[in-house]
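Here are the chains, one letter per residue:
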Amino acid sequence: MSEVPLSRDPGKRSEPNRVLTAARQKLGWSRRRAAQELHRLGAARGLPELDSIEKTIYRHESGKAVCQDPLYIELYCAVYQATTQELFGAIEPAQVSPRPLSGVRSHKFIPAYIGPARVSELIERQSAVSAGAMFGLECHRVDVPNVHGKCALYMWPFGVAMFHLVEELELPNLASLAIWRRQTYARDLAWASGHLSEALSASLNASYVLSAYWVHAPSWQSHELDTALRIMCIPRILHERDSEMSGSSLDHAELVERSLLADGFEHGGIAAFGFKGISIGYASWSGVVYYPTAPRRALAEHEIVNVELATQSIWSYCEFINTQIEQGEDPQVADQYGWRFLRGTRSRLTNARPQETEYHKTMRMAILDTSGTPDRLSEAIDIIRETRER
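Residues numbered from 1 in each chain as written. Predicted model: local features only at pLDDT ≥ 70, side-chain atom pairs only at ≥ 80, totals over all residues. Heavy atoms only, no water.

J.: Teacher, can you tell me more about the overall build of the protein chain here?
T.: Scanning the protein chain from terminus to terminus reveals 13 helices and 11 strands. For the protein chain, the spread of C-alpha atoms along the principal axes amounts to about 80 × 45 × 40 Å. Of all 390 residues assigned to the protein chain, the portion counted as buried reaches 52%. Surface summary for the protein chain: the accessible area is close to 18,300 Å², and the carbon and sulfur share equals 48%. Across the protein chain, the centroid of the 42 positively charged side chains sits 3 Å from that of the 47 negatively charged ones. (Helix = DSSP H or I, 4+ residues; strand = E, 2+ residues; numbered from the N terminus. Buried < 20%, exposed > 50% of the residue type's maximum accessible area, 1.4 Å probe, protein only. Areas by Shrake-Rupley, 256 points an atom, 1.4 Å probe, with all protein chains shown as cover. Lys, Arg positive; Asp, Glu negative; His and termini not counted. Charge placed at Lys NZ, Arg CZ, Asp CG, Glu CD.)

Here it is as C-alpha cells:
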C-alpha cells in the first residue's frame, strides 16, 4: 500500500481532500463505517486490518498523505460510486496548492438584440450619450449604474444593445473563479434584461455573457502562469457539467485545479495571441485572457475591449438573422443593414489595416476565429442576398 507523505516543511500547509470527506459524509458514515466497507470489499485483496484502514482514511482525507495506491483508489470509487477524477482530480493527485487570484480585471460583455427602432428609442431616452465608431460600426455609449462594478451600455443602430461590465477580482483561486463566473452570469443576465425591459417598457432578454480577463498582477509562479491563464480562458473545465455550485463543487474544482497546474492544460479550442517576452494571450469560445509582461510594448486594455465589442455586436446581429432562418422565415432586416452592410463589416473586421500592429492583428484574428464570427457573417450575407434576389 503506497502513500506519498506531504512535505514535512513546517511552513507548508497540507491540503485536505474535502471531496473525499464530503463523499463519506453524504452517506452519513463515520470513518469507522467507511473503513468497514473498504475492508469488506478489499480484505481478500490485501487490505490491512480495520484500525489501519481507518487511520489511512483519516490521512487521505486530512491531506497528511496523498492516496496513490490503485487498490484504495478503486475501493473508494466503488464505495462512494464516484470516479477517480471526481474524488481526486486525477489518478495521481497533485501536490500543488491553488494560489489566490488577484490583480485581475473582469470584462463582461452582455448583448441583446432589440431591433433598430428600439435602439433609437433607447438612445433618445438616455442622457449624456456619446457617439463613436469601432471598425466603422457607428455606436452610442452611456454609463449606467451597477452595484458590482463600472458599467456602460453600447447601442448599435442595426439593433444590438450591449452592456460592458468591469469588475476587479479578488478570489481565493481559479476554482472560485469558475464558480463565481457561473453564478454571476445568471445574475448579470437577469440584471441586463431587467434594465432594458424597464427602460423600454417591453419584455426584453439579454442573450449571453462573454468574459475577458485582463491580468495586471498575476499571483502564480512562473512555471504555473501559462497553465493558469489557459484555465482562465476556459474556467468551466474545473467544474462538473451539472454541478449545483455547492461547497462540494468548489472542493472538486480545487482538486482539478491542483492537478492541471501540476500537469499542464491543453485544449484544441484555445488560440494563442501572445508574443514571447511581451505578452501572454489566449482566446476561446468561452472568452479571452491577456497578461502584458511588457506593458509598454504589449496591447492596451481598451484595444481588446474594442475588438470584443465589435465582434459580439455583429455576432448578436447574425444570431438574430440565424434565429429567423431556423424558424422557417426569410430574414427581415432593414435595407441599410442588409447583405451589403454585412459584407462591408466582414471586410473591416477580418482585413488588416495598413498601420495595424502585428500584436493587434494576431489578437483580432484569434478573437474572431474562436467566436466563429467570420463564418456567421458569410452565412448571413449569402442568405439575405438570396432572399433579396428572389
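There is more to say, and it comes next.
J.: So what exactly am I meant to see when it comes to the pairing of strand β8 (residues 210-215) here?
T.: Side chains on a regular strand alternate between the two faces of the sheet. In terms of burial, β8 is largely enclosed, as 6 of its 6 residues are buried. Residues Leu210, Ala212 and Trp214 line one face of β8 and the alternating positions Ser211, Tyr213 and Val215 line the opposite face, and both faces are buried. Two elements, strand β3 (residues 101-113) and β8, share 6 bridges in a ladder whose sense is antiparallel. Paired with Lys108 across the two strands is Ser211, which belongs to β8. Looking at chain direction, β8 and strand β11 (residues 287-291) are connected through 4 bridges and run parallel. Pairing of Trp214 across the sheet is with Tyr290, part of β11. (Pairing = 2+ DSSP bridges.)

J.: It is not clear to me how the sheet that holds strand β5 (residues 137-144) should be interpreted in this structure. Could you clarify?
T.: Strand pairing in a sheet is mediated by backbone hydrogen bonds. Such pairs are either parallel or antiparallel. On the basis of which strands lie adjacent, the open sheet formed by 9 strands has the order β4-β5-β6-β7-β3-β8-β11-β10-β9 and mixed pairing. In the strand order of this sheet, the two ends are held by β4 (130-134) and β9 (271-272), each with one partner. As judged from the 2 bridges shared by β9 and strand β10 (residues 280-283), these two strands associate in the antiparallel manner. Counted as the bridge partner of Ala271 is Ala283 from β10.

J.: When you look at the pattern of salt bridges in this model, what are you seeing that I'm missing?
T.: Side-chain pairs of opposite charge can arise where the charged atoms are in close proximity. Scanning all chains against the criterion turns up 20 salt bridges. Notably, a salt bridge pairs Asp51 with Arg32, separated by 2.6 Å at the nearest N-O pair. Taken together, the residues span a long stretch of sequence, with Asp51 in helix α3 (residues 50-62) and Arg32 in helix α2 (residues 31-42) at a distance of 19 residues. For Arg32, the salt bridge is made with Glu54, and the minimal N-O distance between the two is 2.9 Å. (Salt bridge = Lys/Arg side-chain N within 4 Å of Asp/Glu carboxyl O.)

J.: Honestly, the environment of Leu101 in this entry has me stumped. Any pointers?
T.: Relative to the assigned elements, Leu101 resides in strand β3. A relative accessible area of 0% places Leu101 in the buried class. Between the C-alpha atom of Leu101 and that of Cys139, which follows or precedes it by 38 residues, the distance is 34 Å.

J.: Help me understand the environment of Tyr113, please; the structure alone is not making it clear to me.
T.: With respect to the element layout, Tyr113 can be found in strand β3. Under the relative-accessibility criterion, Tyr113 is labelled partly exposed at 22%. In sequence terms Tyr113 and Asn205 are 92 residues apart; their C-alpha atoms lie 8.3 Å from each other. Among all residues touching Tyr113, those that are not within four sequence positions of it are Phe158, Gly159, Val160, Ser316, Tyr317 and Phe320. (Contact = heavy atoms within 4.5 Å.)

J.: Can you help me understand the packing of helix α10 (residues 301-326) against helix α13 (residues 373-388) in this one?
T.: Helices that pack against each other are described as a pair by the angle of their axes relative to one another and the distance between those axes. Between α10 and α13, the shortest axis-to-axis distance is 9 Å and the interhelical angle comes to 45 degrees. Considered as vectors, α10 and α13 are oriented oblique to each other. Of the two elements, α10 crosses α13, and the hand of that crossing is left-handed. From α10, Thr311, Ile314, Trp315, Cys318, Glu319, Ile321, Asn322 and Ile325 reach across to α13, where they touch Thr373, Arg376, Leu377, Ala380, Ile383 and Ile384. Grouping the constituent residues of the contact of α10 with α13 by class yields 9 nonpolar, 3 polar and 2 charged. (Axes fitted to C-alpha atoms, helices over the stretch in contact; angles between N-to-C directions. Parallel < 35°, antiparallel > 145°, perpendicular 65-115°, else oblique. Left-handed = near helix turned anticlockwise from the far one by under 90°. Nonpolar A, V, L, I, M, F, W, Y, C, P; charged D, E, K, R; others polar.)

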